[in-house]
Every structure is written in structure tokens, then in C-alpha cells.
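Reading the structure
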Amino acid sequence: MTSTFRIAPSILSADFARLGEEVENVIAAGADVIHFDVMDNHYVPNLTIGPVVCEAIRPRTKAPIDVHLMVKPVDAIVPMFAKAGADIISFHPEASEHIDRTLSLIRDNGCKAGLVFNPATPLHYLDHVMDKLDLILVMSVNPGFGGQKFIGEALVKIADIRQRIDRHVARGGQPIWLEVDGGVKVDNIRAIAEAGADTFVAGSAIFGARGADGSYRDVVAALRGQLEPLRRAA
Ligand SMILES: O=C(CO)[C@@H](O)[C@H](O)COP(=O)(O)O
């Protein structure tokens, strides 16, 4: 069990007309990471935001910007996001012709590198690249939209990846974040953490729960509160 947990609001569910303010508000509310969903209407059936938006929000926070690329092909857009201020860039293995090369490209551009697993993507893609990973993202919904229901089978995959990461670290490997994205709520975050995740993306659960004071403090505190007993037990 890890003692470090990170809350990563997905700005896909934020008010895009006030995006800079929304980024500042969730970080002020106690979140750790800004999760930035990039969809191309090709790899996934939706279209969202690109490097210019990343560049626009970069000055609004010192928190890491965690870019989740749901695009195909991947490589051409990596340097653009690095230049726009991304800290972490992750992509789907099915969307890259050369996974090892794309991971190197991300790190060579000064960012941390992540690989993303859809609900039906097999874990063998991890087999030869653990040394090149800083983050593994498990999708607990099919990618493309916020507000979907958590797919329970993801817990099995999280537990499997947790074992792989722990074995890797025990052999002297670098730390790797284990992030989960899709349908994460106050009522399931503890079970997700118990399965082995340490980083939790939440879109509708956070941006749909602005408190009476106009802030996101209560919902971020409620998510963290669910994790507190695990942190003490670690
Ligand atoms: O990448 C995606 C969806 O493709 C996610 O980041 C969603 O934006 C999460 O939204 P919620 O399920 O938390 O509402």
C-alpha cells in the first residue's frame, strides 16, 4: 500500500469558458495534478483541446499538467505539448507504431512518460518497457467522454499492475505512478486505492460538486478523507 495519494481533476468536466480560474480553484482546493484530456475524433469519438490550451493554463498553476493523449498517430504532437508546458505525457499503446520510440521521445522532450490501458487492452504491452515508464494509467471507462460508470473489472487490472510495479521497484527500478481514470467517485475511491492505485483522476465527481462557498474544497476533502485510513495503514 502506498502512502502517497494524488488527486487529479480532469478538466474535461470543467467550465471551459473559465478554464484558467477552474485550474486555480481545484489546486487551491487541495488537488495535486491537472489531468488534461486530448481527444482527436479519430482514436476516440470526441474532440477536445490541444497544445495552445495547455500553454494558456500553464502560467495558472505550478501543479504538474498530466496530458492524456487519446490521439492517433501520437509522435508528432509530443514535442508540441512539451513546449506548451506539459509535465507528463501518456498515450495508448495501440495508437503508436513504436511504443519504445514514443516513450523515449516523450522523455527526450523533458517530460515524464506514461502508457494508458483501455478496459480491453492487454497488459503485455508493459513487458519490455517498464524501465521507460513514469506512469501507468488504467482506464476504468472506455475513453472519449466524462461522466461514465466505473467498470469494476478495472480493479483486477490495477492489482496486477501494482504487483508488476512493486516487483520492478524491488529490483531497483524507478518509481511509477499508478493512475486510474473514469467513474472515480467518493464512494469507490477507497476500493480503487486498495487495489493498488495511487493517483486518481476525477472529472464529473469534482467539477460537478462545487460547494456552497463556490469552491471545490469539500469534494476534494471527501475524496482524500476516503484515502486517509489507507495512508495511516501504509
Ligand atoms: O479520459 C477521460 C474520458 O476519456 C476521463 O478523464 C474523464 O474525463 C473522466 O471523467 P469522469 O468519469 O471522472 O467524469
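Residues numbered from 1 in each chain as written. Predicted model: local features only at pLDDT ≥ 70, side-chain atom pairs only at ≥ 80, totals over all residues.

What follows covers the overall build of the chain. A count of helical and extended segments in the chain gives eight helices and eight strands. A compact globule built from 234 residues would reach a C-alpha radius of gyration of about 17 Å, and the chain, at 16 Å, matches this within 12%. Seen through its principal axes, the chain has C-alpha atoms that stretch 50 × 40 × 30 Å. A buried classification covers 44% of the 234 residues belonging to the chain. Nonlocal contacts in the chain, meaning residues at least 24 apart in sequence, comprise 65% of its contacts between residues at least 6 apart. (Helix = DSSP H or I, 4+ residues; strand = E, 2+ residues; numbered from the N terminus. Rg over C-alpha atoms; globule rule 2.2 N^0.38 Å. Buried ≥ 20, exposed ≤ 12 C-beta atoms within 10 Å, placed from the backbone. Contact = placed C-beta atoms within 7 Å.)

Among the secondary structure elements, Val220 is positioned in helix 8 (residues 217–233). Residues Val220 and Leu230 lie 10 residues apart in sequence; the distance between their C-alpha atoms is 16 Å. Discounting residues that sit within four places of it in the chain, Val220 has contacts with Ile7, Ala29, Gly30, Ala31 and Ile206.

In this structure, Val67, Ala86, Ile89 and Phe200 are the most contacted members of the largest nonpolar core, which totals 73 residues. Each residue touching Phe200, except ones within four places of it in the same chain, is listed here: Ile7, Ala8, Val180, Val184, Ile189, Ile192 and Leu223. (Core = buried A, V, L, I, M, F, W, Y, C linked by C-beta atoms within 7 Å.)

Looking now at the site of the ligand. Near the ligand lie 22 residues; those nearest to it are Ser10, Pro143, Gly146, Gly203 and Ser204. Those elements that place two or more of their residues in the shell around the ligand are strand 2 (34–39), strand 8 (199–202) and helix 7 (204–207). Here the residues of the shell around the ligand are counted per class, giving eight nonpolar, 12 polar and two charged. (Near = placed C-beta within 6 Å. Nonpolar A, V, L, I, M, F, W, Y, C, P; charged D, E, K, R; others polar.)

UniProt feature "binding site: a divalent metal cation" (unreviewed entry): in the numbering of this structure it lies at His35, Asp37, His68 and Asp181. Judged by maximum C-alpha separation, these annotated positions cover 147 residues in sequence but sit close together in space, the widest gap being only 10.7 Å. Assignment of secondary structure puts His35 in strand 2. On the basis of neighbour count, His35 is assigned to the buried category, with 27 C-beta atoms found within 10 Å. Topologically, Asp37 is positioned in strand 2. Of the residues examined, Asp37 has 24 C-beta atoms within 10 Å and is grouped as buried. Residue contacts for Asp37: discarding those within four places in its chain leaves Ser10, Leu12, Thr48, His68 and Met70. (UniProt positions renumbered as here; feature names shortened; annotations may be inferred.)

The next thing to look at is the environment of Gln174. Relative to the helices and strands, Gln174 is located in the loop between helix 5 (154–170) and strand 7 (177–181). A sequence separation of 42 residues divides Gln174 from Lys132, and the C-alpha atoms of the two residues are 8.9 Å apart.

A separate point is the pairing of strand 7. Of all five residues in strand 7, five are buried, a share of seventy percent or more. Residues Trp177, Glu179 and Asp181 point to one face of strand 7 and Leu178 and Val180 to the other, with burial holding for every one of them. Looking at chain direction, strand 6 (residues 135–139) and strand 7 are connected through five bridges and run parallel. Bridge pairing in strand 7 places Leu137 opposite Glu179. Taken together, strand 6, helix 5 and strand 7 constitute a β-α-β crossover, and its handedness is right-handed. In terms of strand pairing, strand 7 meets strand 8 through three bridges, oriented parallel. Residue Val180 lies in a different strand from strand 8, and its bridge partner there is Phe200. What joins strand 7 to strand 8 is helix 6 (residues 189–195), and the crossover it makes is right-handed. (Pairing = 2+ DSSP bridges. Right-handed = clockwise from strand over helix to strand, strands pointing away.)

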